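Here is what each chain is made of, one letter per residue.
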Amino acid sequence: MASVNAGPSEAQLEAGALNAIARNWWIVLFFGIISIVVGIFCVMQPEDAIAILAILFAIWLLVTGIFSIVRAFAHGLSGGMRALFIITGVLSLILGAIAFRAWAHNDNILLAAWILAIFIGVGFLFRGMSVLFAGIEGKGLPGRGWNIFAGIVIIIAGLMILTVPTSVVALAWIVGIWLIVIGVFEIVSSFIIKGAAK
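A few points on the structure. (Residues numbered from 1 in each chain as written. Predicted model: local features only at pLDDT ≥ 70, side-chain atom pairs only at ≥ 80, totals over all residues. Heavy atoms only, no water.)

**Some thoughts on the overall build of the chain**
Phase 1 of the analysis: Looking only at helices and strands, the chain features seven helices and zero strands.
Phase 2 of the analysis: For the chain, the sequential pattern of α-helices and β-strands runs α-α-α-α-α-α-α.
Phase 3 of the analysis: Per-residue burial for the chain yields a buried fraction of 40% across its 198 residues.
Phase 4 of the analysis: A separation threshold of at least 6 residues defines the contact pool for the chain, and within that pool the share at least 24 residues apart is 76%.
Phase 5 of the analysis: Surface summary for the chain: the accessible area is close to 10700 Å², and the carbon and sulfur share equals 74%. (Helix = DSSP H or I, 4+ residues; strand = E, 2+ residues; numbered from the N terminus. Buried < 20%, exposed > 50% of the residue type's maximum accessible area, 1.4 Å probe, protein only. Contact = heavy atoms within 4.5 Å. Areas by Shrake-Rupley, 256 points an atom, 1.4 Å probe, with all protein chains shown as cover.)

**With respect to helix α3 (residues 46-71)**
Phase 1 of the analysis: Within α3, the axis deviates most sharply at Ile52, by approximately 40°.
Phase 2 of the analysis: Listed in full, the buried residues belonging to α3 are Pro46, Ala49, Ile50, Leu53, Ala54, Phe57, Ala58, Trp60, Leu61, Thr64, Gly65 and Ser68. (Bend = angle between axes of the 7 residues up to and from the residue.)

**Description of the environment of Ala170**
Phase 1 of the analysis: Tracing the chain through its elements places Ala170 in helix α7 (residues 168-195).
Phase 2 of the analysis: A residue is classified by how much of its surface remains accessible, and Ala170, at 27% relative accessible area, is partly exposed.
Phase 3 of the analysis: Sequence separation between Ala170 and Cys42 is 128 residues; the distance between their C-alpha atoms is 9.9 Å.

**What about the packing of helix α2 (residues 25-44) against α3?**
Phase 1 of the analysis: In contact at an axis separation of 9 Å, α2 and α3 are set at 165° when each is read in the N-to-C sense. By the angle between their axes, α2 is roughly antiparallel relative to α3. The handedness of the crossing between α2 and α3 comes out as left-handed. Contact residues: Ile27, Phe31, Val38, Phe41, Cys42, Val43 and Met44 in α2; Pro46, Ala49, Ile52, Leu53, Leu56, Val63, Thr64 and Phe67 in α3.
Phase 2 of the analysis: In terms of residue class, the contact of α2 with α3 is made up of 14 nonpolar, one polar and no charged. (Axes fitted to C-alpha atoms, helices over the stretch in contact; angles between N-to-C directions. Parallel < 35°, antiparallel > 145°, perpendicular 65-115°, else oblique. Left-handed = near helix turned anticlockwise from the far one by under 90°. Nonpolar A, V, L, I, M, F, W, Y, C, P; charged D, E, K, R; others polar.)

**As for the nonpolar core**
Phase 1 of the analysis: Formed by 30 residues in total, the largest nonpolar core has its most connected members in Leu53, Phe57, Leu116, Ile120 and Phe124.
Phase 2 of the analysis: Taken together, the elements giving at least two residues each to this core come down to α2, α3, α4 (79-104), α5 (109-137), α6 (144-163) and α7.
Phase 3 of the analysis: In contact with Leu53, not counting residues within four places along its chain, are Val38, Cys42, Leu116, Ile120 and Val175.
Phase 4 of the analysis: Counting five residues, the second largest nonpolar core, distinct from the first, contains Ala72, Met81, Leu84 and Phe85. (Core = buried A, V, L, I, M, F, W, Y, C linked by side-chain atoms within 4.5 Å.)

**As for the packing of aromatic side chains**
Phase 1 of the analysis: Applying the stated criterion across every chain yields a total of three aromatic pairs.
Phase 2 of the analysis: Judged by centre distance (5.9 Å) and plane angle (65°), the ring pair of Phe30 and Phe31 falls under edge-to-face.
Phase 3 of the analysis: When its relative accessible area of 11% is taken as the criterion, Phe31 is described as buried.
Phase 4 of the analysis: Centroid distance Phe149 to Phe185: 5.5 Å. Interplanar angle 80°. Geometry classified as edge-to-face. Of this pair, Phe149 sits in helix α6 while Phe185 sits in helix α7, placing them 36 residues apart in sequence.
Phase 5 of the analysis: With relative accessibility at 43%, the residue Phe149 sits in the partly exposed group.
Phase 6 of the analysis: An aromatic cluster of three or more residues is present, and its members are Phe30, Phe31 and Phe67. (Phe/Tyr/Trp six-rings, centres within 6.5 Å; stacked < 30°, edge-to-face > 60°.)

**Let's talk about the pattern of salt bridges**
Phase 1 of the analysis: For the structure shown, the criterion picks out one salt bridge.
Phase 2 of the analysis: Between Glu186 and Arg127 there is a salt bridge; the shortest N-O distance is 2.3 Å. One end of the pair, Glu186, is in helix α7; the other, Arg127, is in helix α5, and 59 residues separate them in sequence. (Salt bridge = Lys/Arg side-chain N within 4 Å of Asp/Glu carboxyl O.)

**A look at the environment of Ile33**
Phase 1 of the analysis: Topologically, Ile33 is positioned in helix α2.
Phase 2 of the analysis: A sequence separation of 147 residues divides Ile33 from Ile180, and the C-alpha atoms of the two residues are 8.9 Å apart.

**Observations regarding a nonpolar patch on the surface**
Phase 1 of the analysis: Together, Phe73, Ile86, Ile87, Val90, Leu91, Ile94 and Ile98 make up a nonpolar patch on the protein surface, roughly 590 Å² of accessible area in all.
Phase 2 of the analysis: Mapped onto the fold, Ile94 is located in helix α4.
Phase 3 of the analysis: Of the residues examined, Ile94 reaches a relative accessible area of 44% and is grouped as partly exposed. (Patch = residues over 30% accessible without salt bridge, like charges linked within 9 Å, V, L, I, M, F, W, Y side chains within 5 Å.)

Below, the structure is given as structure tokens:
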């Protein structure tokens, strides 16, 4: 009796997904380093940082939006995770485009800072939910607990930025400190992911 080829097993699919993620560990490291550099600049030069921060954050939203959409088509993701990455990616692209427009057409620095705070807070919420659900869903993947913890921290950062009234300088400080924290999480996560590639 001829054996029927049932296709790759669940263990093989998980191993393939793990290897695919592990091969791209440097992307997480890159975002971590960028987050720390921008965060340090915001803390050291808060008044100069706010205008530059508006541009950098718009770029960050666009880049992470594209990255999320590309990641949605990786092998080994469930339908729910695939949908989450696509939704957060598209929303990040939309917010990034709106942030560019608000910065380019607004000469009121206080209003611009308020708009920027909303965009940053919402952007952090999207990123945090994406990382959190990736950690919850990624059973057997490297750094799962770390991703869950980092997702919660990023969500808290988003909520703080949205709910705590701030001046322009205070906004730059808060965003800078949180970017440094997020950058550290991303760098540690990148090496955990790299260590899983065997």
